[in-house]
Amino acid sequence: MVEISLHILDIVQNSVRAKASLIEISVIEDTSSNLLTVRISDNGCGMSEEFLNDVTNPFRTSRTTRKVGLGVPMFKNAAEQTGGSFEISSKLGEGTVVEAKFVYDSIDRQPLGDMAFTMVTIVNSDPDIDYVYTHTFNGLSFDFDTRQIRETLGSEVPLTEPQVLSWIEDYINSETENIYGGIQ
C-alpha cells in the first residue's frame, strides 16, 4: 500500500468483519514530537490470545477465502520502516485496538493520503456502523461522528445518499485544511 489511509481502510474492514458496531479512527500528527500516530479501535468480537500473538504473521488469517492476511503485517512494517512502532491489543467479546506510530519526517513514511475519500468509502461500504474520525495536527483537531449526522438527518435520509457522502467529503476536507492552517 502506498498511503497510510489505505492501511486504515484495510484495518477498518477487519473491524467490520469482526462485527463492530462502533469504529473509532484517530490520526494525530505532532511535528514537535516527530510522530504521526494512527489508532483504530472497535467494539467487535475481539481475538483470542493465541490468534493475537500470531496476528502479524502474514500466513495467519481468519478468512476462509484465502490463506494469507497481509493487512496487519503490512501496516506494522510501514510503521516500523520509519523507526516507529506498532501495537495491537484485543479481548474476546470486547474489541480490538491497533496503534501505529510513524516517525513523521522519515523518508520512509508513506503519505497520509486522502482521508476524506477514505472516510466516504468506509461510510458508504458499511453505513449501519457508527464511525468516529478524529484528526489532530499540532494540537488543533476536529471530529467527524456518524452518530451526530444520523441524529441531524433522522431515519429518512441514509448516509449513503450521494448528497450526504459529498457533504462528508467536503466537511473532512474543509476541517483538515483548517487544522493545517490552510496549507497541505
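Attention here is on the structure that accompanies the text. (Residues numbered from 1 in each chain as written. Predicted model: local features only at pLDDT ≥ 70, side-chain atom pairs only at ≥ 80, totals over all residues. Heavy atoms only, no water.)

1. Section: the side chain of Asp-42
If you trace the backbone, Asp-42 turns up in strand E2 (residues 35–42). Polar contacts involving the side chain of Asp-42 include one to the side chain of Ser-15, which spans 2.7 Å. Sequence-distant contacts of Asp-42, defined by excluding residues within four places in its chain, comprise Ser-15, Ala-20, Leu-22, Ile-23, Glu-94, Gly-95 and Thr-96. (Helix = DSSP H or I, 4+ residues; strand = E, 2+ residues; numbered from the N terminus. Polar contact = N/O pair within 3.5 Å; in protein donor to acceptor, adjacent residues only side chain to side chain. Contact = heavy atoms within 4.5 Å.)

2. Structural notes on the sheet that holds strand E1 (residues 22–30)
In space, the six strands of this open sheet follow the order E3-E4-E2-E1-E5-E6, with mixed pairing throughout. Where the open sheet ends on each side, the last strands, each with one partner, are strand E3 (85–91) and strand E6 (140–145). In this sheet, neighbouring strand axes are inclined to one another by 10 degrees on average, regardless of whether the strands run parallel or antiparallel. Looking at chain direction, E2 and strand E4 (residues 95–103) are connected through eight bridges and run antiparallel. Pairing of Thr-37 across the sheet is with Lys-101, part of E4. In this fold helix H1 (residues 4–17) packs onto E1, E2, E4 and strand E5 (130–137), with an angle of close to 15 degrees to the strand it touches most, E2. (Pairing = 2+ DSSP bridges. Axes fitted to C-alpha atoms, helices over the stretch in contact; angles between N-to-C directions.)

3. Points about unusual backbone geometry
Within the chain, Asn-34 stands out as a residue other than glycine whose phi angle is a positive 60 degrees. Positive phi is not limited to glycine here, since Asn-138 has a value of about 50 degrees. Following the sequence through the fold, Asn-138 ends up in the loop between E5 and E6.

4. Structural notes on the pattern of salt bridges
All chains considered together, the criterion is met by five salt bridges. Here Glu-99 ties to Lys-101 by a salt bridge, and the two come within 4.0 Å at their closest N and O atoms. With a relative accessible area of 28%, Lys-101 lands in the partly exposed category. For Arg-150, the salt bridge is made with Asp-130, and the minimal N-O distance between the two is 3.0 Å. One end of the pair, Arg-150, is in helix H5 (residues 146–153); the other, Asp-130, is in strand E5, and 20 residues separate them in sequence. (Salt bridge = Lys/Arg side-chain N within 4 Å of Asp/Glu carboxyl O. Buried < 20%, exposed > 50% of the residue type's maximum accessible area, 1.4 Å probe, protein only.)

5. Quick look at the environment of Ser-21
Tracing the sequence through the fold places Ser-21 in the loop between H1 and E1. Ser-21 gets classed as partly exposed once you look at its relative accessible area, which sits at 41%. On a C-alpha basis, the gap between Ser-21 and Asp-130 in space is 6.0 Å, while along the polypeptide they are 109 residues apart. With near-sequence residues (within four places) excluded, Ser-21 lies in contact with Asn-43, Ile-129 and Asp-130.

6. With respect to helix H4 (residues 115–125)
For H4, the complete set of buried residues consists of Met-115, Ala-116, Thr-118, Met-119, Val-120, Ile-122 and Val-123. Buried residues along H4 sit in contact with H1, E1, E5, E6, H5 and helix H6 (162–179). Measuring from the backbone nitrogen of Ala-116 back to the side-chain oxygen at the start of H4 gives 3.3 Å, which picks out Asp-114 as the cap.

7. Thoughts on the pairing of E1
Examined bridge by bridge, E1 and E5 share eight bridges and lie parallel to one another. Note that in E5 the partner of Ile-25 across the bridge is Tyr-133. Taken together, the eight bridges between E1 and E2 define a ladder with antiparallel strand orientation. By the bridge assignment, Ile-25 is partnered in E2 with Ile-40. Between the end of E1 and the start of E2, which pair antiparallel, lie four residues, with Asn-34 showing a positive phi angle near 60 degrees.

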